[in-house]
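Residues per chain, in single letters:
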Amino acid sequence: GNIGVDVCLRVSRRLAVHLEPCVPVRVNHAGLAYGFGTSVGLAYDFSEKALSPTCAGRYFLTLSGGLQVQNSALMRRASAADRLGFHATFGVGRRFTDFFDLKLSAAYSKNTWQVYYGGQRMPAQYYALRLEGVLDVLRLAMRKSETLSRFGCGVLAGPEMGFMLKKDLGYSLKKHYVGL
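Now for a description of the structure that goes with this document. (Residues numbered from 1 in each chain as written. Predicted model: local features only at pLDDT ≥ 70, side-chain atom pairs only at ≥ 80, totals over all residues. Heavy atoms only, no water.)

Section: the packing of aromatic side chains
With the rule as written, the count across this model stands at 3 aromatic pairs. Ring centres of Tyr108 and Tyr127 lie 5.2 Å apart, and the angle between their planes is 50 degrees; this geometry places the pair in the tilted category. Taken together, the positions of Tyr108 in strand E8 (residues 100-115) and Tyr127 in strand E9 (residues 121-136) put the pair 19 residues apart, joining distant regions of the chain. Ring centres of Tyr126 and Tyr177 lie 6.4 Å apart, and the angle between their planes is 75 degrees; this geometry places the pair in the edge-to-face category. Within this pair, whereas Tyr126 is found in strand E9, its partner Tyr177 is found in strand E12 (residues 172-179), the two being separated by 51 residues in sequence. With a relative accessible area of 22%, Tyr177 lands in the partly exposed category. (Phe/Tyr/Trp six-rings, centres within 6.5 Å; stacked < 30°, edge-to-face > 60°. Helix = DSSP H or I, 4+ residues; strand = E, 2+ residues; numbered from the N terminus. Buried < 20%, exposed > 50% of the residue type's maximum accessible area, 1.4 Å probe, protein only.)

Points about the pattern of salt bridges
A side chain with one charge can pair with a side chain of the opposite charge if their charged atoms come near. Under the criterion given, the structure shown has 4 salt bridges. Glu132 serves as the salt-bridge partner of Lys103, at 3.6 Å between the closest nitrogen and oxygen. Here the residue Lys103 occupies a position in strand E8, and Glu132 occupies one in strand E9, the gap between them amounting to 29 residues. By relative accessible area, which is 8% here, Lys103 ends up buried. Its salt-bridge partner being Asp136, residue Arg139 comes within 3.4 Å of it at the nearest N-O pair. (Salt bridge = Lys/Arg side-chain N within 4 Å of Asp/Glu carboxyl O.)

Structural notes on the nonpolar core
Trp113, Met122, Ala124, Tyr126 and Met164 form the largest nonpolar core, which has 5 residues in total. In terms of residue count, the dominant contributor to this core is E9 (3 residues). Excluding anything up to four places from it in sequence, Ala124 contacts Ser109, Lys110, Asn111, Trp113, Leu165 and Lys166. (Core = buried A, V, L, I, M, F, W, Y, C linked by side-chain atoms within 4.5 Å. Contact = heavy atoms within 4.5 Å.)

Here we look at the pairing of E8
Note that strand E7 (residues 84-97) and E8 share 11 bridges and pair antiparallel. The residue bridging Thr97 from the neighbouring strand is Phe100, located in E8. For E8 and E9, the ladder comprises 15 bridges, and the chain directions are antiparallel. Across the sheet, residue Asp101 finds its bridge partner in E9, namely Val134. (Pairing = 2+ DSSP bridges.)

Structural notes on a nonpolar patch on the surface
Judged by side-chain polarity, Phe96, Phe100, Leu102, Leu104, Leu131, Leu135, Val137, Leu140 and Val155 come together as a nonpolar surface patch covering roughly 660 Å² of accessible area. Mapped by element, the contributors of at least two residues to the nonpolar patch are E8, E9 and helix H2 (137-141). The greatest single-element share of the nonpolar patch, amounting to 3 residues, is contributed by E8. Turning to its location among the elements, Leu104 is positioned in strand E8. (Patch = residues over 30% accessible without salt bridge, like charges linked within 9 Å, V, L, I, M, F, W, Y side chains within 5 Å. Areas by Shrake-Rupley, 256 points an atom, 1.4 Å probe, with all protein chains shown as cover.)

Quick word on the side chain of Asp136
Structurally, the position occupied by Asp136 is in strand E9. Given a relative accessible area of 7%, Asp136 falls into the buried group. Of the polar contacts made by the side chain of Asp136, one reaches the backbone nitrogen of Arg139; its length is 3.1 Å. Those residues in contact with Asp136 that sit more than four places away from it in its chain are Phe99, Gly152, Cys153 and Gly154. (Polar contact = N/O pair within 3.5 Å; in protein donor to acceptor, adjacent residues only side chain to side chain.)

Some remarks on empty space enclosed by the protein
One pass over the structure, following the stated rule, counts 1 cavity of 30 Å³ or more. Estimated volume of the largest cavity: approximately 320 Å³. Forming the boundary of the largest cavity are 24 residues, of which Cys8, His18, Phe60, Arg95 and Asp101 lie nearest the centre. Counting residues per element, the ones that place at least two in the lining of the largest cavity are strand E2 (6-10), strand E3 (15-28), strand E5 (36-45), strand E6 (58-69), E8, E9 and strand E10 (151-157). Residues that form the lining of the largest cavity fall into these classes: 9 nonpolar, 4 polar and 11 charged. (1 Å grid on protein atoms, 1.4 Å probe; cavity = no way out; pocket = protein on both sides within 12 Å on 5 of 7 lines; lining within 4 Å. Points joined across faces, edges and corners; volume = space filled by probe spheres on them. Nonpolar A, V, L, I, M, F, W, Y, C, P; charged D, E, K, R; others polar.)

The values are spatial; any link to function lies outside them.
This is how it looks when you write it as structure tokens:
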């Protein structure tokens, strides 16, 4: 799962900048693992009723990308540059109320999961589909405020299914996964 927030900074009536810091958490037979990541992206509202108070039924697109930090036991002694990876997400969503959205996202990330002596890096790639419910707690708390349309802070939750590909010296590990 990913634990984080989605901070929305509206630039114009239709364009918003999103900042999404998160902590990805994985639990499997080996125990608990976590990392740190952030995405910065843009959202564009294509509807005719941009920023209107009754915005139910609006559709929107999101595109974001950013850095992630690999925080596994194998990488804790690696350099900061070796621990950095890339993450990108594309999403299509619908707004149901002023403070609740439903979004379908496709995500891709790439990082180094192991560095062998001599500097040989082993890459990992993740492909995922997410169905996310986004509850904007700032808009919910400030429903009667004039600054409602400028700022937002959403909490996301929903299922994720994906595919992981890790390459090692003599083989590739391929696994499907599901999560929340």
